[in-house]
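Observations on chain architecture
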Number of protein chains: 4
Amino acid sequence: MKVGVIGSTGYAGQQLVWFLNNHKKIEISFLASHTFSNNKYSYVYNNYRNYIHDTCINIQEMYDYLPSTDIVFIALPHGKSMDIAKDLISKGIKVIDLGADFRLKNHKVYEEWYGLKHISNELLKEAVYGLPEMNRELIKHAKLIANPGCYPTASILATAPLIKNNLLQANSIIIDAKSGVSGAGRSLNNNTLFCECNESVKAYKIGKHRHTPEIEQELFNLNEENTNILFTPHLIPMNRGILATCYGKLSKDVSLGDLQEIYKEFYSEDYFIRITEDIPETKWVKGSNFCDIGLSFDKRTNNVIVVSAIDNLIKGAAGQAIQNMNIMFGFDEWEGLDFPSMIP
Amino acid sequence: MKVGVIGSTGYAGQQLVWFLNNHKKIEISFLASHTFSNNKYSYVYNNYRNYIHDTCINIQEMYDYLPSTDIVFIALPHGKSMDIAKDLISKGIKVIDLGADFRLKNHKVYEEWYGLKHISNELLKEAVYGLPEMNRELIKHAKLIANPGCYPTASILATAPLIKNNLLQANSIIIDAKSGVSGAGRSLNNNTLFCECNESVKAYKIGKHRHTPEIEQELFNLNEENTNILFTPHLIPMNRGILATCYGKLSKDVSLGDLQEIYKEFYSEDYFIRITEDIPETKWVKGSNFCDIGLSFDKRTNNVIVVSAIDNLIKGAAGQAIQNMNIMFGFDEWEGLDFPSMIP
Amino acid sequence: MKVGVIGSTGYAGQQLVWFLNNHKKIEISFLASHTFSNNKYSYVYNNYRNYIHDTCINIQEMYDYLPSTDIVFIALPHGKSMDIAKDLISKGIKVIDLGADFRLKNHKVYEEWYGLKHISNELLKEAVYGLPEMNRELIKHAKLIANPGCYPTASILATAPLIKNNLLQANSIIIDAKSGVSGAGRSLNNNTLFCECNESVKAYKIGKHRHTPEIEQELFNLNEENTNILFTPHLIPMNRGILATCYGKLSKDVSLGDLQEIYKEFYSEDYFIRITEDIPETKWVKGSNFCDIGLSFDKRTNNVIVVSAIDNLIKGAAGQAIQNMNIMFGFDEWEGLDFPSMIP
Amino acid sequence: MKVGVIGSTGYAGQQLVWFLNNHKKIEISFLASHTFSNNKYSYVYNNYRNYIHDTCINIQEMYDYLPSTDIVFIALPHGKSMDIAKDLISKGIKVIDLGADFRLKNHKVYEEWYGLKHISNELLKEAVYGLPEMNRELIKHAKLIANPGCYPTASILATAPLIKNNLLQANSIIIDAKSGVSGAGRSLNNNTLFCECNESVKAYKIGKHRHTPEIEQELFNLNEENTNILFTPHLIPMNRGILATCYGKLSKDVSLGDLQEIYKEFYSEDYFIRITEDIPETKWVKGSNFCDIGLSFDKRTNNVIVVSAIDNLIKGAAGQAIQNMNIMFGFDEWEGLDFPSMIP
């Protein structure tokens, strides 16, 4: 099976290439890159010396490769994949979009949060939100996957069992998330210079981050009563990883043990979810497609605290995209993804 | 004026020595260290080469220096300063204890959270909780200062104006705090090895951290209706800094502008508090005694979010101890402490 | 084929387990650990949740497993494997020792540099220095492999082609090496605490590091004229990686292009050596078994500069051990090791 | 005394402002910035909230402030200060240039290494290379100071006593230097993004770095026989600090003790040089104007190894500039600079 990648030289695209290179069932058809077209891929990313001999192509050249391509991954900034995806779908090619363009079902919500007109909103109905633990059946038959954002992956997986089981007071969810710097991408930005990030931590876009409506949409699908969440992202001086500390007020009297059972049951069929007895740390999932989830209960304030840990570039981006591809094409869900974290 | 330090070779003790070395109004009387007695101080901490010529003494030798000592700082683990403080106070020497032994007014609460019997509980009445922005007048005349913990300093300063003005729904406060590794001290511990901390973030002691009752006690002093908080500490791969992201549900209809005015008013006489227009980052306070506080309001969930940033070893420990000493002895409150952060 | 690991919970042992877990041709027989015996391995290293269900055994219990074990890896501090290896060899079990006990052929040199009597020096003749790029044929038939140290791996691979081709002036080699902190192991040590390493760089054991005679021994095997090297290790605030910057004065007139050809030729059969056109960085080999080598020539001082980069825990320890096992048992040399670095 | 700063918002400029803010004898006249003109300085660098109320001006506006300005610091990239310095000098204003334009006495060498025509080469004769430990007397009467580069400061101070005393074989010096990322400045560059630097180390510009001729020029001034050095810079994942590991072959038979005495004697009048008994680490000088120097001798290869440690932004830039100003204006050399490193 042949796979193309658009936006192959960003951090998410590069991570995708790592997994594709390692995947037994597929071959790379083309690697497109706006910034590095005509450069050897292994020149941009020297780790692929002796592994990947491709030269990056530009988006125009891609059309030569499409006839023999089965699926295309798009790893571009929001706003850039709408029309490309439409074009590919019209040619009968499946698409997994790692960007934000097809995640929000309501184009007005997209336009409000992203400040952009949606030019392919007829595709929104077809697009499947590619969180396998929620939508595995739909993914199997999808043509277009909207691969979830990194923060929403950690946030939704952490809170879904509570929401689904109607265990929380309305509007009580607060998600305090901490992300490594690779989440900000590889484009030049003063805020992601080494000396600006190292030895510091900050919150940003409090209550205004674009991943907020995405989390709310998916939780709403599970239970229409809990719609508004407060989401606060933070930047941490490390390359990879997201830790989402999620708070909610319990609406019912359940023990911590019960809660853990509910989570184990909810994710009993999900290879990449691990319900942990202690509180997760990002190092235990770094470099892997796992989402570790641990629970705690604070009787004094009646809060349940759910902490989830993912690798933002893997379960939060490229790994999940591969997982989606595996489901779409009937491979084992863990094909090419079956690694524990490499520490330290 | 002559100053002694017990526990001078831990991270907090060492930071204290940095400020004492730089303070115009005082002289060092002795530097005591359990682990490094008989070593030159500048051999343990080479940064003090050419500055500090003292040799560390042990606690027994301290008694020779006491007759000419005006104040003693104790920077020892909890449980270790109770009897030493009692002894010093009985000799007419003022004490600032950077540890936890005199912070909690109710010795039963101490015993519950610290699992230790309090052997000097008659001193608890006399001890003043040394957060100058709350207790400046009491500090002026105190013999024994319980210097606040690092997390409580950031947490109380962030939330006090809301509590004092009765602006929050009862029991709605959640404090999600992120600390650099120096907060864990310099003693050997597998969890603070470089490779265990670097490239990872974790939550720990959720709802069970010993700083919880300390925060609650001080907030209770401001307003008896808001007593229970949920406090979640996290460990971040950096040396210094605490960022406390504090959440509370508003009980009244106030605008963000009003809230900012309330904070400015509340801290109008406080040199080391800066109410910021944007959200603070720890790098802007690293190496300084400042506490930066920024506010945000999320209409969708009716949460006020207050973010405070301190240097855990300075405003969270040694700097605050110096500030307390300055107040006790009638020096300018910023004497020896008047530095902005050195970045990057 | 069944494999046992002694010292499985140190950083090198753990890295070994990562590769063993992923290796198609082997099964784990036992995981022994002094510190964590009777603990589940995945409790010590949570990344192995759902992967490794073994409980750590102690060294006494190991004997029950030996009858069905084909090879044992020993990852213990120096001095600890001498007698264990002898015992295992006597039972007909192959051994790969990741420690230092069998690396130096002359037990007097061992005793001088390690300050320990060698109690198994009759095994030294049999032991093969397990650097496959130098000793592949010997490794094929070895019973006991002395797996090279991390610094020697980077240093020998960087300089061997120059030495072999007699291109350097005698005694002109200086190796200035920079290592991540995992090289110091996981045992408790004040010097490897996060706050002691982060934001600092230092040289240590200049000219006295125990890897010096190991490097010299192997270079001497190639060319008896160049025996003394100066080796200076440095500690860098990162988890993994060694960069060895090697200097030597040319004894002949050769161009940079010629030198690069000599290196390519020398390593033409070596899968895990990549001669790079630019200067290597450790990030391009992190997480992989590659050694990247780049050359530079400074006409003004007649120095050739060879820079090599490895992952100290992989090509410098566990990966090389697996590579040796693969050679000993006739597997593909890259079996279970065929990954490019995962960045960032 | 009034002081202006051009290029006040780069890392070196900002560090200069930190020291100026703290200096008892001076007042800031103006802070010019190309990128941030019309922004409040404390908006660009929030650490200066409540300290610095100035708004950045552009270079044209500077002329209004010059009549009341005694000295101007220029912290611009090379090529940008030549004409500005000429103009200021012609107006009778003293200049300390932190850039490279006046460091090389021979404009042809400048043009060769920097690839730029020197348009103020008549000023080169007047310019004094501002390394106080070498040129204190000249600095006292200078109008124009060429403030040394960060690497040359560490390199020259480490090797000068050997060169001056003719203790090294000709052309045997190799300087292997390791720098934190702030040395690369604050301008946008893919190579200084957090994820590109963190968890990696690399060598760069081997034998070709522009600081090479600067080091050679100053060493040549001490001894004309030792002219060619090999200089290899490395980038280390930390904010601040340079460690220079310097190697040279001894030409005479001297003991390590003798060498240490020679260094102590050479720097006996130099407040900011500390000859250490052990090998320096950058953490002990971080945040200070000190240069720590330690020596080692390797009998086996006849190499002396001198390791120097500085803070690249302080002794390697802004601190040294202040030190030069202090000397020029007859202040104590350590005025405003008298701090030990703040660790951790």
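Residues numbered from 1 in each chain as written. Chains lettered and ligands numbered in written order. Predicted model: local features only at pLDDT ≥ 70, side-chain atom pairs only at ≥ 80, totals over all residues. Heavy atoms only, no water.

A closer look at the UniProt feature "domain: Semialdehyde dehydrogenase NAD-binding" (unreviewed entry) in chain A
This chain's UniProt record puts "domain: Semialdehyde dehydrogenase NAD-binding" (unreviewed entry) on residues 2-142 of chain A. Within the segment residues 2-142 of chain A, helix and strand shares are 33% and 15% respectively, and the terminal C-alpha atoms sit 17 Å apart. (UniProt positions renumbered as here; feature names shortened; annotations may be inferred. Helix = DSSP H or I, 4+ residues; strand = E, 2+ residues; numbered from the N terminus.)

Quick word on the pairing of strand S12 (residues 291-298) of chain D
All names here are of chain D. Among the eight residues of S12, seven are classified as buried, and the element is accordingly described as predominantly covered. Sheet analysis places strand S11 (residues 273-276) next to S12, joined by four bridges and oriented parallel. The partner of Thr276 across the bridge, within S12, is Gly294. Of the strand pairs in this sheet, S12 and strand S13 (residues 303-310) are connected by seven bridges, and their pairing is antiparallel. Directly across from Gly294, in S13, lies its bridge partner Val307. Connecting S12 to the antiparallel partner S13 that follows it, the hairpin turn spans four residues, and Asn302 within it adopts a positive phi of roughly 60 degrees. (Buried < 20%, exposed > 50% of the residue type's maximum accessible area, 1.4 Å probe, protein only. Pairing = 2+ DSSP bridges.)

Here's the deal with helix H9 (residues 211-222) of chain B
Residue and element names in this part refer to chain B. Between its terminal C-alpha atoms H9 stretches 17 Å, which fits the 16 Å expected from 12 residues at 1.5 Å a residue. For H9, a buried count of nine out of 12 residues is recorded, marking the element as mostly surrounded by other parts of the structure. Along H9, the positions that sit buried rather than exposed are His211, Thr212, Pro213, Glu214, Ile215, Glu216, Gln217, Glu218 and Leu219. Considering only its buried residues, H9 is in contact with helix H5 (107-114), strand S5 (128-129), helix H6 (132-140), helix H7 (150-164), strand S7 (174-179) and strand S9 (230-235). (Expected span 1.5 Å × (residues − 1). Contact = heavy atoms within 4.5 Å.)

A short note on the environment of Tyr43 of chain D
Within the secondary structure layout, Tyr43 of chain D lies in helix H2 (residues 41-44). Along the sequence, Tyr43 of chain D and Ile310 of chain D sit 267 residues apart, while their C-alpha atoms lie 29 Å from each other.

A closer look at the UniProt feature "active site" (unreviewed entry) in chain A
Residue and element names in this part refer to chain A. As recorded in UniProt, the sites labelled "active site" (unreviewed entry) are Cys150. For Cys150, the position within the fold is in helix H7 (residues 150-164). A residue is classified by how much of its surface remains accessible, and Cys150, at 12% relative accessible area, is buried. Excluding residues within four positions of it along the chain, Cys150 makes contact with His211, Ile242, Ile310, Asn312 and Gly316.

Re the interface of chain D and chain C
Between chain D and chain C, the contact holds 44 residues from the first and 44 residues from the second. Contact between chain D and chain C buries roughly 3,800 Å² in total, counting both sides, with carbon and sulfur atoms accounting for 56%. Ranking the residues of chain D by area buried against chain C places Glu199, Val201 and Arg300 of chain D at the top, with a combined share of 18%. Linking chain D with chain C are six salt bridges. Along the contact surface separating chain D from chain C lie 28 residue pairs in polar contact (both at pLDDT 80 or more). Every element with two or more residues in the side of chain D that touches chain C is listed here: strand S7 (174-179), helix H8 (194-197), strand S8 (202-203), helix H9 (211-222), strand S9 (230-235), strand S10 (242-249), S12 and S13 of chain D. (Buried area = accessible area lost by both parts, 1.4 Å probe. Salt bridge = Lys/Arg side-chain N within 4 Å of Asp/Glu carboxyl O. Polar contact = N/O pair within 3.5 Å; in protein donor to acceptor, adjacent residues only side chain to side chain.)

Notes on the interface of chain B and chain A
Contacts between the two partners involve 44 residues from chain B and, on the opposite side, 44 residues from chain A. For the pair chain B and chain A, the summed buried surface comes to about 3,800 Å²; carbon and sulfur atoms form 56% of the total. Counting the surface chain B buries against chain A, the share from its top three residues, Glu199, Val201 and Arg300 of chain B, is 18%. On inspection of chain B and its partner chain A, the count reaches six salt bridges. Salt-bridge contacts for Glu216 of chain A lead to Arg300 of chain B; the nearest nitrogen and oxygen are separated by 2.3 Å. Linking chain B with chain A are 28 residue pairs in polar contact (both at pLDDT 80 or more), by the criterion used here.

Focus on the relation of the copies chain D and chain C
Turning chain D through 180 degrees and shifting it by 0.0 Å along the axis lays it on chain C, with an RMSD of 0.0 Å. Taken together, the turn and the small shift mark the pair as related by a two-fold rotation axis. In terms of C-alpha distance to the rotation axis, chain D has Pro237 of chain D as its closest residue, with the C-alpha 3.2 Å off the axis. Take the interface residues of chain D: 100% of them recur as interface residues in chain C, which is what a same-surface contact looks like. (Least-squares fit on C-alpha atoms with pLDDT ≥ 70 in both.)

Comments concerning the sheet that holds strand S13 (residues 303-310) of chain B
Residues and elements named next belong to chain B. If you trace the seven strands from one edge of the open sheet to the other, you get S8-S9-S7-S10-S13-S12-S11, paired in mixed fashion. Two strands bound the open sheet, and with one partner strand each, they are strand S8 (202-203) and strand S11 (273-276). Along the sheet face, H7 touches S7, S9, strand S10 (242-249), S11, strand S12 (291-298) and S13 and points at about 140 degrees away from the line of S13. (Axes fitted to C-alpha atoms, helices over the stretch in contact; angles between N-to-C directions.)

A word on the sheet that holds strand S5 (residues 128-129) of chain D
All names here are of chain D. Across the sheet, which stays open at both edges, the six strands sit in the order S2-S1-S3-S4-S6-S5 with parallel pairing between neighbours. Because the sheet does not close on itself, it has two edges, and the strands there are strand S2 (27-32) and S5. Direction of pairing for strand S4 (residues 94-97) relative to strand S6 (residues 144-146): parallel, over a ladder of three bridges. Residue pairing for S6: Asp97 is matched across the bridge by Ala146.

A short note on the packing of aromatic side chains
Under the criterion given, the structure shown has 68 aromatic pairs over all chains. When the ring of Tyr45 of chain A is compared with that of Trp284 of chain C, the centres are 6.4 Å apart and the planes differ by 75 degrees; the resulting orientation is edge-to-face. Taken together, the positions of Tyr45 of chain A in the loop between helix H2 (41-44) and helix H3 (62-65) and Trp284 of chain C in the loop between strand S11 (273-276) and strand S12 (291-298) put the pair across two chains. As far as the burial class goes, Tyr45 of chain A and Trp284 of chain C line up, both buried. Judged by centre distance (6.2 Å) and plane angle (20 degrees), the rings of Phe329 of chain A and Phe331 of chain A are stacked. Owing to a relative accessible area of 26%, Phe329 of chain A belongs among the partly exposed residues under this scheme. In this structure Phe331 of chain A comes out as buried when scored by relative accessible area, which is 18%. Taken together, the ring pairs in this structure connect Trp18, Phe19 and Phe339 of chain A together with Trp18, Phe19 and Phe339 of chain C into an aromatic cluster. (Phe/Tyr/Trp six-rings, centres within 6.5 Å; stacked < 30°, edge-to-face > 60°.)

Quick notes on the nonpolar core
Note that soluble globular proteins tend to have their nonpolar side chains buried in a common cluster. Core analysis: the largest hydrophobic core is formed by 248 residues, its most contacted members being Phe73 of chain A, Phe73 of chain B, Phe73 of chain C together with Phe73 of chain D. At eight residues, the largest contribution of residues to this core is made by helix H11 (residues 314-328) of chain C. Once residues within four sequence positions are removed from consideration, Phe73 of chain B is found in contact with Val3, Gly4, Val5, Ile6, Leu16, Leu20, Ile96, Leu98, Ala321, Ile322 and Met325 of chain B. (Core = buried A, V, L, I, M, F, W, Y, C linked by side-chain atoms within 4.5 Å.)

Digging into the domain arrangement of chain A
Quite often, the size of an interface is put as the accessible area lost when its parts meet. Residues and elements named next belong to chain A. As assigned here, chain A comprises domain 1 (2-147 + 317-328) and domain 2 (150-310). One C-alpha centre belongs to domain 1, the other to domain 2; they are set 25 Å apart. Listed as interface residues are 22 residues of domain 1 and, on the opposing side, 27 residues of domain 2. The largest contributions to the domain 1 side of the interface with domain 2 come from Tyr11, Trp113 and Met134, which together make up 30% of the buried area. There are two salt bridges connecting domain 1 and domain 2. Ionic pairing is found between Arg103 and Glu214, a salt bridge with its closest N-O pair at 3.3 Å. (Domains from an automatic or database assignment.)

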